[in-house]
Amino acid sequence: MQHSDIIIVGTGHAGAQTALLLRQRHYAGSILMLGEEADPPYERPPLSKDYLAGEKPLDRILLRPVAFWAEREVDLRLGRRVVVVDPILRQIRTDNGEVYAYETLVWAAGGHARPLSCPGHDLAGIHMIRTRVDVDRLRAELPGTDRVAVIGGGYVGLEAAAILVKAGKQVTVIEAQDRVLAHVAGEPLSRFYEREHRSHGVDLRLGATVSGIVGRDGRATAVKLSDGTEVPADMVVVGIGIVPAVEPLLAAGATGGNGIDVDGLCRTSLAGIHAIGDCAAQVSTYADGTRLRIESVQNAMEQAAIVGRHLTGAEEAVVGVPTFWSNQYDLRLQTVGLSLGHDRTIVRGRPTDRSFSVVYLRRGKVIALDCVNATRDFVQGKNLVATGARIASDQLSDATVPLKELSA
Ligand SMILES: Cc1cc2nc3c(=O)[nH]c(=O)nc-3n(C[C@H](O)[C@H](O)[C@H](O)COP(=O)(O)OP(=O)(O)OC[C@H]3O[C@@H](n4cnc5c(N)ncnc54)[C@H](O)[C@@H]3O)c2cc1C
């Protein structure tokens, strides 16, 4: 049985960054990185953006050239899913029966696309956007596709809708809430994106729940809504979030549920096991002390840095302000902070100019900004969020005054 000082499970942003950082910090022990996907570590965000559009091939979204990992003596083993973790023997087992021993385990397994569970969920022509393989499969069917139904009006669904409508498809977005982005943003941002998508020709159905997928000869032909309406579709794209990949750790006794609970140093309740990235639930000072899973590249990189630093001797975690981005059409959204639990929004600038920001307040403090084509607000707003600044609303709404002058 192979023994490694550190085993990293997951080859996404979190896992790859951990390996990279350990070597950057001159960690000399053995590192084994195991991943379920067959591809070497790659960037996930382009999957619903340039990669879906066919504008970037796989080699341009790789996190590092293929040879990099061997050069850094990271033993990369792909196409293996870890199914069992034994925290007492400090061993893991993969789906092909291999057993590996570790000293420290870093669980960076992210999540899998949440599948539909309604009747017809298993028909051909239904697609997810989580892996490179998902997107290649979807793209292979595009030439014969005219009508696409996107289920879910979150970031992934909307980004895909933007790409597909630009590619000349008739796109319908079906969202159960009464507005898009309802889980992640305030109403002004949702309404802005709804107008944008409609103006580009997307048919948006809000407050619409899916009761099933209708098919013929084993292939999806329409999405059926609870009110009986049918949305005809040659292809269905499902963007309804992820299921965190935590089963083996929960089965091993780790504390958690919707994500593995970790402390400030990303340690799980099991000795010698850390969890990071999309699968880890951590208490955030930027969310009023709530424990939550954050699904973003910045969070994955930051938690990788916390673990990488900790495993090479640093005692304290360095925590930055959460950030996120989304590209739709010619709109670049940049988010700083977490708007969760906001009790007020202030719009800076005019959405009709297609350059504005939404400032989120909780109990009078600035907690987040969503900045659309407004990078200056994003950069300068970071400090307001970091310090929990209290600023009068008429000042915040005045886009002619730079935010850095308000924080002074
Ligand atoms: C289409 C799309 C667009 C996105 N756009 C943005 C964006 O614009 N900005 C942003 O900040 N974030 C974006 N995100 C989110 C971001 O990509 C994730 O937060 C980030 O990739 C999380 O990294 P991770 O390493 O924690 O998890 P993942 O990227 O999910 O990587 C985990 C890896 O572990 C593997 N794995 C799972 N279980 C096992 C197991 N048992 N054994 C072995 N391997 C396993 C998985 O297959 C996967 O390869 C997007 C996500 C998607 C899907």
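Residues numbered from 1 in each chain as written. Predicted model: local features only at pLDDT ≥ 70, side-chain atom pairs only at ≥ 80, totals over all residues.

*Asks:* An account of the site of the ligand is needed here, citing residue identities and associated values.
*Replies:* If you check the shell around the ligand, you find 36 residues, and the closest are Gly10, Gly12, Ala14, Gly110 and Gly277. Of all the elements in the fold, those that place two or more residues in the shell around the ligand are α1 (13-24), α8 (297-310) and β22 (323-328). When its residues are assigned to classes, the shell around the ligand shows 16 nonpolar, 13 polar and seven charged. Domain assignment of the residues forming the shell around the ligand places at least three in each of domain 1 (2-112 + 242-310) and domain 2 (115-238). (Near = placed C-beta within 6 Å. Helix = DSSP H or I, 4+ residues; strand = E, 2+ residues; numbered from the N terminus. Nonpolar A, V, L, I, M, F, W, Y, C, P; charged D, E, K, R; others polar. Domains from an automatic or database assignment.)

*Asks:* Hey, could you go over the sheet that holds strand β15 (residues 235-238) for me, with residue numbers and the actual values?
*Replies:* Strand pairing in a sheet is mediated by backbone hydrogen bonds. Such pairs are either parallel or antiparallel. The sheet built from five strands is open, its strands ordered β8-β15-β9-β10-β11 with parallel pairing. Unpaired on one side and paired on the other, β8 (126-128) and β11 (203-206) mark the two borders of the sheet. If you compare each strand with its neighbour and ignore which way they point, the axes differ by 20 degrees on average. Where strand β9 (residues 147-151) lies against strand β10 (residues 170-175), five bridges are found, and the strand directions are parallel. Each residue of the ladder has a partner; that of Val150, found in β10, is Val173. (Pairing = 2+ DSSP bridges. Axes fitted to C-alpha atoms, helices over the stretch in contact; angles between N-to-C directions.)

*Asks:* Describe in detail the domain arrangement of the protein, supporting the description with residues and values.
*Replies:* Interface size is often expressed as the accessible area that is lost when the parts come together. Split into domains, the protein comes out as domain 1 (2-112 + 242-310), domain 2 (115-238) and domain 3 (330-407). If you average the C-alpha positions of domain 2 and of domain 3, the two centres end up 30 Å apart. Counting from both sides, the interface comprises six residues of domain 2 and, opposite them, ten residues of domain 3. Looking at side-chain class alone, the side of domain 2 that touches domain 3 contains four nonpolar, one polar and one charged residues. (Contact = placed C-beta atoms within 7 Å.)

*Asks:* Now, about the packing of α1 against α8: what can you tell me, with residues and values included?
*Replies:* Describing two packed helices takes the angle between their axes plus the distance from one axis to the other. Remark: α1 packs on α8, axes separated minimally by 8 Å, with the N-to-C direction vectors making an angle of 35 degrees. Handedness of the crossing formed by α1 with α8: right-handed. Residue-level inspection shows His13, Ala14, Gln17, Thr18, Leu21 and Leu22 of α1 in contact with α8, the latter providing Val297, Ala300, Met301, Gln303, Ala304, Ala305, Val307 and Gly308. In terms of residue class, the contact of α1 with α8 is made up of nine nonpolar, five polar and no charged. (Left-handed = near helix turned anticlockwise from the far one by under 90°.)

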